[in-house]
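Report on the structure
The primary structure of each chain is shown beneath.
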Amino acid sequence: QVQLVESGGGLVQAGGSLRLSCAASGSTFRIGVIGWYRQAPGKQRELVAYINSRGSVNYADYVKGRFAISRDNAKNTVYLQMNSLKPEDTAVYYCCADFHYWGQGTQVTVSS
């Protein structure tokens with residue numbers, strides 16, 4: 001009973017920045033962790049970053065120092081700030097609550 005909607009994707013040049021948003025609705029009190037995942041064509045979906053109910057965060061090695069995950073509990077929204085974007089960051093980015101509820105994804109395309 002959780003619905004997630006991603007937004008903020010788009011086309012950006014290499015080295016640029018983008019901020020993704022994940023708005024949660026429904027039984028949000030049930031959510032213990034929200035993660036950002038991405039999937040590029042022909043590749044498996046992979047974890048980018050997560051934040052749990054205590055505020056603890058974790059990042060994939062390939063985005064450490066470039067991406068930052070944060071939350072606004074009042075808005076039931078989780079953000080992914082992406083800086084120093086690279087063409088290999090091109091993918092559909094998804095947010096996921098408790099490894100079960102998924103959003104529809106938002107496309108991020110980084111041009112070289």
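See the structure above.
Residues numbered from 1 in each chain as written. Predicted model: local features only at pLDDT ≥ 70, side-chain atom pairs only at ≥ 80, totals over all residues. Heavy atoms only, no water.

1. Description of unusual backbone geometry
Which entries qualify depends on this criterion: Helical segments are the DSSP runs of H or I of at least four residues, strand segments are the runs of E of at least two, and each set is numbered from the N terminus. Under the scheme applied here, a residue whose accessible area is under 20% of the maximum for its type counts as buried, over 50% as exposed, and between as partly exposed, the area being computed with a 1.4 Å probe on protein chains only.
Located in the positive-phi region is Ser84, a residue other than glycine, with phi close to 50°. Phi is positive for Asp98, which is not a glycine, with a value near 55°. Relative to the elements of secondary structure, Asp98 occurs in the loop between strand E9 (91–97) and strand E10 (101–102). A residue is classified by how much of its surface remains accessible, and Asp98, at 28% relative accessible area, is partly exposed.

2. A word on the environment of Val63
Summarising the element assignment, Val63 is placed in the loop between strand E6 (57–59) and strand E7 (67–72). Judged by its relative accessible area of 0%, Val63 falls in the buried class. C-alpha separation for the pair Val63 and Met82, spaced 19 residues apart in sequence, amounts to 8.5 Å.

3. Things to note about the side chain of Arg38
What counts, and what does not: Nitrogen and oxygen atoms within 3.5 Å of one another constitute a polar contact, given that in protein one can donate a hydrogen and the other can accept it, and given that sequence-neighbouring residues count only through two side-chain atoms. Any pair of residues with heavy atoms lying within 4.5 Å of one another is described as a contacting pair.
Relative to the assigned elements, Arg38 resides in strand E4 (residues 33–39). Reaching out from Arg38, the side chain makes a polar contact with the side chain of Asp89 at a distance of 2.9 Å. Within the structure, the side chain of Arg38 is placed 3.0 Å from the side chain of Tyr93, a separation counted as a polar contact. Once you skip the residues sitting within four places of it in the chain, Arg38 turns out to touch Gln44, Arg45, Glu46, Val48, Tyr62, Val63, Phe67, Glu88, Asp89, Ala91, Val92 and Tyr93.

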